[in-house]
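# Chain and residue survey
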Amino acid sequence: MNVEQLIEKARKLVDSFRVTSSKRFRLRNIDPGDTLGIGSEEKSRAKEALTYGIETLAALQDKLYAQDKWAALVVLQGLDAGGKDGVIKHVMSGVNPQGCQVHSFKSPSAEDLDHDYLWRYIKCLPNRGHIGIFNRSYYEETLVVRVHPEILAKQRIPSPLVTKNIWKERFHDIRAFEAYLFRNGIVPMKFFLHLSKGEQRRRLLERIEMPEKNWKFSASDMAERARWDDYQEAFEDMIRNTATKECPWYVVPADNKWFAHGIVAAAIIERLGSLDLAYPRVDKVKLREIAGAKRALLKAK
């Protein structure tokens with residue numbers, strides 16, 4: 001199988017990880033170590049395919065930027081050490097930085113808390129013609145906030161509005177928000193990097209044992225790991241309630257970084273490829289201007 005055939009296979013296999021509106025979705029049915037039969041002997045070829053995919057993505061981004069109509073929003077969610085930074089580093093390595101915006105969301109500021117929970121994310125939406133990347137996103141408002149009720153208390157929402165239905169209401173808000181984005185030419189592409197507990201342990205130990213990775217380690221990583229089951233339940237509920245036909249979730253097995261990178265790249269390429277991107281056509285007046293400029297440049301010494 002050559003590189004072109006492998007990337008085409010990856011495009012077709014993206015369907016294996018796309019979740020649209022299934023209320024019966026179960027996270028446990030997705031194997032974090034799945035590579036869809038691509039064995040170790042094909043691993044190097046899969047990495048070559050990723051290189052080809054990066055080139056394809058760069059070409060699509062160039063048209064996206066020139067056309068200046070659509071925008072893409074890549075949403076990356078997952079547990080600590082899930083590989084979000086690696087996806088940005090490897091999958092987006094070929095795109096023009098001028099047409100790409102990356103935002104990482106940490107704890108909200110005092111100003112953020114004085115606004116509705118979507119406010120700080122709305123401020124960071126990509127311009128038309130751009131690819132925006134959210135390293136964590138507004139979905140944290142149904143994840144970490146759900147697992148840690150004390151964070152919800154800090155949002156100063158009037159107490160009568162904090163009911164047992166608050167998560168269903170937030171899911172409703174987010175579905176409506178993403179539908180609004182899509183109807184305005186901003187296309188959300190949502191990726192959940194599905195990591196196993198054993199692989200997270202290995203990666204956290206690597207951060208501890210390798211001095212050059214010590215800076216990545218945080219004591220909070222261990223505290224959050226202790227809530228593993230709570231997060232798995234929250235992730236599953238999030239995907240079930242916010243996956244739609246226009247804005248599906250891609251649940252990407254993340255134990256093998258090379259495989260996760262390939263699937264994310266293939267999904268983005270597929271999605272951008274469906275937008276009928278093209279370079280703007282110039283009118284006759286512009287063509288005459290171009291022809292005149294060419295004549296003048298050819299005559300110049």
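Residues numbered from 1 in each chain as written. Predicted model: local features only at pLDDT ≥ 70, side-chain atom pairs only at ≥ 80, totals over all residues. Heavy atoms only, no water.

With that out of the way, let us pick up the nonpolar core. Counting 41 residues, the largest nonpolar core has Met92, Phe191, Ile268 and Leu272 as the members making the most contacts within it. Among the secondary structure elements, those contributing two or more residues to this core are α2 (43-67), β2 (71-78), α3 (84-91), β4 (131-135), β5 (186-194), β6 (249-253) and α12 (257-273). The biggest single contributor to this core is α12, with eleven residues. Apart from the residues within four sequence positions on either side, Leu272 is in contact with Leu57, Leu60, Ala72, Ile131, Met189 and Leu277. (Core = buried A, V, L, I, M, F, W, Y, C linked by side-chain atoms within 4.5 Å. Buried < 20%, exposed > 50% of the residue type's maximum accessible area, 1.4 Å probe, protein only. Helix = DSSP H or I, 4+ residues; strand = E, 2+ residues; numbered from the N terminus. Contact = heavy atoms within 4.5 Å.)

Looking now at the side chain of Asp255. Tracing the backbone shows Asp255 in the loop between β6 and α12. Summary of buried charges: Asp255 has no salt-bridge partner, and the nearest side chain of opposite charge, Arg203, is 5.3 Å away. When near neighbours in sequence (up to four residues on either side) are disregarded, Asp255 contacts Pro32, Gly33, His194, Leu195, Ser196, Glu199 and Arg203. (Lys, Arg positive; Asp, Glu negative; His and termini not counted. Salt bridge = Lys/Arg side-chain N within 4 Å of Asp/Glu carboxyl O.)

Another point: the pattern of salt bridges. For side chains bearing opposite charge, pairing can occur when the charged atoms are close. Across all of its chains, the model carries 15 salt bridges by this definition. The partner of Arg18 in a salt bridge is Glu270, and the shortest N-O contact between them spans 2.5 Å. Of this pair, Arg18 sits in strand β1 (residues 18-19) while Glu270 sits in helix α12; the two residues are 252 residues apart in sequence, bridging distant segments of the chain. Note on Glu270: relative accessible area 29%, which makes it partly exposed. Here Arg170 makes a salt bridge to Glu141, at a shortest N to O gap of 3.5 Å. Residue Arg170 is located in helix α8 (residues 166-183), and its partner Glu141 is located in the loop between β4 and α6 (144-147); the two are separated by 29 residues in the primary sequence. By the burial criterion, Arg170 is buried, and Glu141 matches it. The network of salt bridges with common partners includes Glu199, Arg202, Arg203, Glu206 and Lys213.

So, on to the side chain of Asp221. Mapping Asp221 onto the fold places it in helix α10 (residues 219-225). Those residues within four positions of Asp221 in sequence are excluded, and the remaining contacts are Asp80, Leu204, Arg207 and Lys216.

Among the residues making up α3, those that are buried are Lys84, Val87, Ile88 and Val91. Looking down the long axis of α3, one finds its buried residues gathered within 100 degrees of arc, a one-sided arrangement. (Arc of directions from axis to C-beta.)

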